[in-house]
Amino acid sequence: MSAALRYLSTRGASPVATLSEAIAAGLAPDGGLYVPDHLPTLSIEDFKIGGSLAETAASLLTPFFAGDALASELPAICAAALTFPTPLRPLPQHPHTSVLELFHGPTAAFKDVGARFLAASLRRVRGDHATPLTILVATSGDTGAAVGAAFHRQPGIEVVILYPDGRVSPRQAHQLGCFGDNVQALRVQGRFDDCQRMVKAALNDAALQAKSPLSSANSISLGRLLPQMSYYAHAALTWWHKHHEPLNVIVPTGNLGNALAAVWVRAMGLPLGQIRLACNANTTLPDFFAGQDYAPREAVATLANAMDVGAPSNFERLRWTFPQVDVLREQLQAHSVDDQTISATIAMHAREHGEVFCPHTATAMHLLNQLRAAGDDASWAVVATAHPAKFESVVEPLIGKPVEVPSALAAMLQRSASAESMAAEDGVLRGWLLEKAAQHVEAAS
Ligand SMILES: *Cc1c(COP(=O)(O)O)cnc(C)c1O
């Protein structure tokens, strides 16, 4: 058996951590992102043929968990978190083309995979703690719902979701506010960046942390990134056993968490071929991969709002994986798709093929259509990151009819929802958290 992996910060100024410590912390103390000291390698024979997603995940993640306090719990964590399918569905009207559907979880977006795995891991890392841990989430929509659903009614955890009022879809807002119990939504009178700043200020506030222990659950947590590798491994192995060739993938991309998972799976030796990033009008990654210097910038708002990112947080991990820029540039291609093209792609597929895609998935479908038009006949999987019913206000006018709502989402929309309004000020959140902590102390005494 190989030695246990150690976890380091991408910025190199944090003490070495175990996997449990890295998962519990989220962000490394020096502000960097946790990475393993090297990527392990596996071969196709290390996996059971026809294994379930949870079984594939447990085999894939064994080297990451080896030697950690959670190692013996890994199969149980995978079984508890990965309870819904991530099918690779062939598109009948498009030869050599499949859709990797990642939206069959409770909140109908791929972020359910990471959020549920993080919740199952944190529950075991923390054991029975007397003081509740408050998880703060700034969200532009999908993350908050996935985290809320994953931690709903989990003992010892409180979740506080901050979202920009009026800047998420009506259904997303409803989802964020429908949990109740230990999950509370705050509609912030500002932008997503304000929400993120307020969360960071609270997390960095030692005096506040002493009264109310806080953590985060954003996409930089290893506990969210690692499980996202499992659906790529599962799809690549399924494809390999059937067709004896690697599967190429096109990934709708914002913060690079989903695509990085694919890059790591390929670097570990599993049969993924090309990986292409589909971005919206935020061109930080397409510009970099086209040869420009890396230049993070302010995000612009688009129809694919979960990808409205100007400074992709996982870029640091990608750089760590491939320190030489020219080697890094050989790994990926990235292309930008504007709103007009997103709309046209959604409308065309509905009209000509009876297929309905969410705006994020449509960026990847467009890149595929371009490849096909240029004569590419390789096997591609387009990654479908959310169900179109989540973005009905964009999709329905384009296709001229209602989108059928998946049952889990319908159940959430049936519940009542409420969110407290909050000014976009760090001090206001601080006061609110202190008051909440005081109420807890009172209730406990
Ligand atoms: C979060 C999200 C993305 C972007 O994923 P990253 O990991 O941030 O690149 C794409 N599509 C949907 C629907 C999302 O919720």
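Summarised in this report is the structure supplied together with it. Here the structure is a predicted model, which means the values were calculated and not measured.

**Some remarks on the sheet that holds strand E8 (residues 214-216)**
- Sheet architecture is open: 5 strands sit in the order E8-E5-E6-E7-E13, paired in parallel fashion. Strands with a single pairing partner mark the edges of an open sheet, and in this sheet they are E8 and strand E13 (420-423). Within the sheet, the average angular offset between the axes of one strand and its neighbour, ignoring direction, is 30°.
- Contacting strand E5 (133-138), strand E6 (157-164), strand E7 (183-189), E8 and E13, helix H7 (residues 192-203) crosses the sheet at an angle of about 155° to E5.
- Along the sheet face, helix H18 (residues 426-444) touches E5, E6, E7, E8 and E13 and points at about 155° away from the line of E6.

**Notes on the pairing of E7**
- The sheet contact formed by E6 and E7 spans 6 bridges and is parallel. For Leu 162, the partnering residue across the bridge sits in E7 and is Leu 186.
- For the segment spanning E6, helix H6 (residues 170-177) and E7, crossover handedness is right-handed.
- As paired strands, E7 and E13 are joined by 4 bridges and run parallel to one another. Counterpart to Val 188 in the pairing with E13 is Met 422.

**Section: the pairing of strand E10 (residues 272-279)**
- A large share of E10 lies buried, amounting to 7 of its 8 residues.
- Where strand E9 (residues 247-252) and E10 come together, 5 bridges link them in parallel fashion. In the strand pairing of E10, Pro 252 is matched with Ala 278.
- As a crossover connection, the stretch from E9 through helix H10 (residues 257-267) into E10 is right-handed.
- With 5 bridges connecting them, E10 and strand E11 (residues 332-336) associate as parallel partners. If you follow Leu 277 over to E11, its bridge partner there is Ala 334.

**Brief notes about the packing of helix H2 (residues 53-65) against helix H3 (residues 74-81)**
- Between H2 and H3, the shortest axis-to-axis distance is 9 Å and the interhelical angle comes to 140°. As judged from the angle between their axes, H2 and H3 are oblique. Considering the relative orientation of H2 and H3, their crossing is right-handed. Where H2 abuts H3, its residues Ala 54, Ala 57, Ala 58, Leu 61, Thr 62 and Phe 65 lie against Leu 74, Pro 75, Ile 77, Cys 78 and Ala 79.
- Among the residues making up the contact of H2 with H3, the classes are represented as 10 nonpolar, 1 polar and no charged.

**Comments concerning the packing of aromatic side chains**
- Taken as a whole and assessed by the stated rule, the structure comprises 7 aromatic pairs.
- Ring centres of Phe 288 and Phe 289 lie 5.0 Å apart, and the angle between their planes is 80°; this geometry places the pair in the edge-to-face category.
- Classification of Phe 289 by relative accessible area gives buried; the value is 11%.
- When the centroid spacing of 3.8 Å and the interplanar angle of 5° are considered together, the rings of Tyr 294 and Phe 315 count as stacked. Placement of Tyr 294 in the loop between helix H11 (284-289) and helix H12 (315-321) and of Phe 315 in helix H12 is noted, with a sequence separation of 21 residues between them.
- Assessed through its relative accessible area of 23%, Tyr 294 is described here as partly exposed.
- Grouped by ring-pair contacts, the aromatic residues Phe 288, Phe 289, Tyr 294 and Phe 315 constitute a single cluster.
- Its end group placed over the ring of Phe 288, Arg 329 keeps NZ or CZ at 4.3 Å from the ring centre.

The rules we used
Counting restarts for each chain: residues are numbered from 1 in the order of the written sequence. Under the rules for a predicted model, residues below a pLDDT of 70 receive no local features and side-chain atom pairs below 80 are neither given nor counted, while totals for whole chains, interfaces and linings still include all residues. Excluding hydrogens and water, the side-chain values take into account all heavy atoms of the structure. Strands qualify as paired when DSSP identifies two bridges or more between them. What counts as a helix is a DSSP run of H or I of at least four residues, what counts as a strand is a run of E of at least two, and both are numbered from the N terminus. With axes taken as lines fitted to C-alpha atoms, and helix axes fitted only over the stretch in contact, angles between N-to-C directions fall between 0 and 180 degrees. Throughout, a residue-residue contact means that at least one pair of heavy atoms, one from each residue, lies within 4.5 Å. By convention a crossover is right-handed if, when the strands point away from the viewer, the path from the first strand over the helix to the second runs clockwise. Burial here depends on accessible area, computed with a 1.4 Å probe over protein chains only, as a share of the maximum for the residue type. Under 20% is buried, over 50% is exposed, and the range in between is partly exposed. Each angle receives one of four descriptions, namely roughly parallel if under 35 degrees, roughly antiparallel if over 145, roughly perpendicular if within 65 to 115, and oblique otherwise. Should the near helix be turned anticlockwise from the far one by less than a right angle, the crossing is left-handed, and should it be turned clockwise, the crossing is right-handed. For this classification, Asp, Glu, Lys and Arg are treated as charged, while Ala, Val, Leu, Ile, Met, Phe, Trp, Tyr, Cys and Pro are nonpolar and the rest, including Gly, are polar. Here is the rule: rings of Phe, Tyr and Trp (six-membered ring for Trp) pair when centre to centre is within 6.5 Å. Planes less than 30 degrees apart are stacked, more than 60 are edge-to-face, and the remainder are tilted. Sitting over a ring, as applied to charges here, requires NZ of Lys or CZ of Arg to be within 6 Å of the ring centre and within 35 degrees of the ring normal.

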